[in-house]
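Listed below are the residues making up each chain.
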Amino acid sequence: MLQLRGITKRYGERLVLDDVSFEVRPGRLTGFVGGNGAGKTTTMRIVLGLLSDNGGQTTLDGAPLTAEDRRSFGYMPEERGLYPKMKVLEHIVYLARLHGFTKETATSKASDLLEQLGLQERFGDTVESLSLGNQQRAQIAAALVHDPQILILDEPFSGLDPLAVETVVGVLQERASAGAAVLFSSHQLDVVERLCDDLVIIADGTVRAAGSREELRAAYSSNRYRLTGEADTGWLRHEPGVRVVEFDGGSAQFDVDDAATAQRVLRGALDRGAVSSFVPQQPSLAQIFTEVIQ
Ligand code: ADP
């Protein structure tokens, strides 16, 4: 497990990371979410040792990170860094060889991965001749080709079309299932919502919320319910302690003041006819995000 504890970073007088702490667990995809300038890239660069911090510590399985640990990480930087004139397959093979694989193993790993990422037709093309989306896929291959146990990806989905997003999501999920700890930053909440197991929300250099998706949903769940039944739900509008937010005849979504009100509403609904469902509504990631960054 990768653990960040109290990471602080200043640029001059400006505090851009303030006591940032969270963990990235093996076998899980951790989404690192925040607006522009929140501190995601700075945090990742500090973990990778590309930037010094002004305090705090990063550990791997309890021990401070070594240069060797960091070399073993898979990293996709924000500024994409492949050699433009190099051919795609050759480039990824070259990177695998830098990690010590034989030519045969490097070639087979690189071609399998590029194929999985949908670049099988592009092996012999130069990086610069690829579309931006395909360059991004190649960049992802560069981060993954040596089968890293820790993967740190800065905005891996930005600029990808929906089909490519699906491809990359599939590859990352496979890596996590095989035991890798994956941290990826993103400002695309819909993708993060679908993909991540764990979530870290950062704003203005501070972690506003961190935990598993389920934990966060439970922690930020409002007292919102949806009732669907035989009887018209219009009566809810006049019920004390209830605010209807959506109404559609036999179905309504509403907020209640407290759990006792919810129970009273359920009894009231049953008195009026059969109830087919009475379900607490979980907040979406976008709702949680809006709430915690304020
Ligand atoms: P994010 O990746 O979440 O968009 P960054 O980590 O890139 O955010 O930036 C965090 C803050 O640090 C921003 O306010 C940014 O302007 C500032 N910053 C980043 N790099 C530098 C730098 N080299 N010098 C001064 N300020 C910087």
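For clarity, every value in this text was computed on a predicted model and none was experimentally measured.

**Q** Please set out the nonpolar core residue by residue, giving values where relevant.
**A** Most often, soluble globular proteins have nonpolar side chains that are buried together. Grouped together as the largest cluster of nonpolar side chains are 52 residues, with contacts concentrated most on Ile92, Leu153, Phe157, Phe184, Leu199 and Ile201. A per-element tally of this core places helix 6 (residues 162-177) first, with seven residues. Once residues lying within four places of it in the same chain are set aside, the contact partners of Phe157 are Gln136, Val165, Val168, Val169, Leu172, Phe184, Gln188, Val191 and Leu195. In this structure, Phe22, Phe32, Val47 and Val200 belong to the second largest nonpolar core, which totals 23 residues.

**Q** For helix 6, give the residues involved together with the corresponding values.
**A** In a regular helix each residue adds 1.5 Å, so 16 residues correspond to 22 Å; helix 6 covers 22 Å between its end C-alpha atoms and thus fits that length. Looking at helix 6, one finds that the buried residues are Ala164, Val165, Val168, Val169, Val171, Leu172, Arg175 and Ala176. Considered in projection along helix 6, the buried side chains sweep an arc of 165 degrees and stay on one side of the axis. The exposed set on the far side of helix 6, more than 90 degrees from its buried face, consists of Pro162, Leu163 and Ser177. Check the buried side of helix 6 and you find it contacts strand 3 (29-33), helix 4 (103-116), helix 5 (132-144), strand 7 (150-153), strand 8 (181-186) and helix 7 (189-195). Sitting at the head of helix 6, Asp161 places a side-chain oxygen 3.0 Å from the backbone nitrogen of Leu163. Where helix 6 terminates, the next one or two residues include Gly179, which has phi positive at roughly 110 degrees.

**Q** Can you break down the site of the ligand residue by residue, with the values?
**A** Neighbouring the ligand are Tyr11, Arg14, Val16, Gly35, Asn36, Gly37, Ala38, Gly39, Lys40, Thr41 and Thr42. Within the backbone of Gly39, one N or O atom sits 2.9 Å away from an oxygen atom of the ligand. One nitrogen or oxygen atom from the main chain of Lys40 is found 2.9 Å from an oxygen atom belonging to the ligand. Relative to its unbound accessible area of 570 Å², the ligand is 63% covered by the protein chains. Contributing elements (two or more residues each) for the shell around the ligand: strand 2 (14-24) and helix 1 (40-47).

**Q** Which residues make up the pattern of salt bridges, and what values do they have?
**A** A full pass over the atoms with the stated rule returns 14 salt bridges. The partner of Arg122 in a salt bridge is Asp125, and the shortest N-O contact between them spans 3.6 Å. Overall, Arg122 belongs to the partly exposed group, its relative accessible area being 32%. Since its relative accessible area comes to 27%, Asp125 is described here as partly exposed. For Asp204, the salt bridge is made with Arg208, and the minimal N-O distance between the two is 3.9 Å. You can call Arg208 partly exposed: its relative accessible area is 28%. Salt bridges linked by common partners bring Arg25, Arg28 and Asp198 together as one network.

**Q** Describe the layout of surface pockets, naming the residues involved and giving the relevant values.
**A** If a probe as big as a water molecule is rolled over the atoms, it shows which places are left empty. Size it by volume and the largest pocket reaches roughly 530 Å³. With four residues, helix 3 (residues 88-98) is the single largest residue contributor to the lining of the largest pocket. In the lining of the largest pocket, the residues fall into 13 nonpolar, six polar and two charged. Within this model, the second largest pocket holds a volume of roughly 250 Å³. If you trace the second largest pocket, you find 17 residues lining it, with Asn36, Gly37, Lys40, Thr41 and Glu78 closest to the centre. At the level of elements, strand 2 and helix 1 are the ones that each hand at least two residues to the lining of the second largest pocket. Here the lining of the second largest pocket is built from residues that sort into two nonpolar, nine polar and six charged.

Analysis parameters
Residues numbered from 1 in each chain as written. Predicted model: local features only at pLDDT ≥ 70, side-chain atom pairs only at ≥ 80, totals over all residues. Heavy atoms only, no water. Core = buried A, V, L, I, M, F, W, Y, C linked by side-chain atoms within 4.5 Å. Buried < 20%, exposed > 50% of the residue type's maximum accessible area, 1.4 Å probe, protein only. Helix = DSSP H or I, 4+ residues; strand = E, 2+ residues; numbered from the N terminus. Contact = heavy atoms within 4.5 Å. Expected span 1.5 Å × (residues − 1). Arc of directions from axis to C-beta. Polar contact = N/O pair within 3.5 Å; in protein donor to acceptor, adjacent residues only side chain to side chain. Near = heavy atom within 4 Å. Areas by Shrake-Rupley, 256 points an atom, 1.4 Å probe, with all protein chains shown as cover. Salt bridge = Lys/Arg side-chain N within 4 Å of Asp/Glu carboxyl O. 1 Å grid on protein atoms, 1.4 Å probe; cavity = no way out; pocket = protein on both sides within 12 Å on 5 of 7 lines; lining within 4 Å. Points joined across faces, edges and corners; volume = space filled by probe spheres on them. Nonpolar A, V, L, I, M, F, W, Y, C, P; charged D, E, K, R; others polar.

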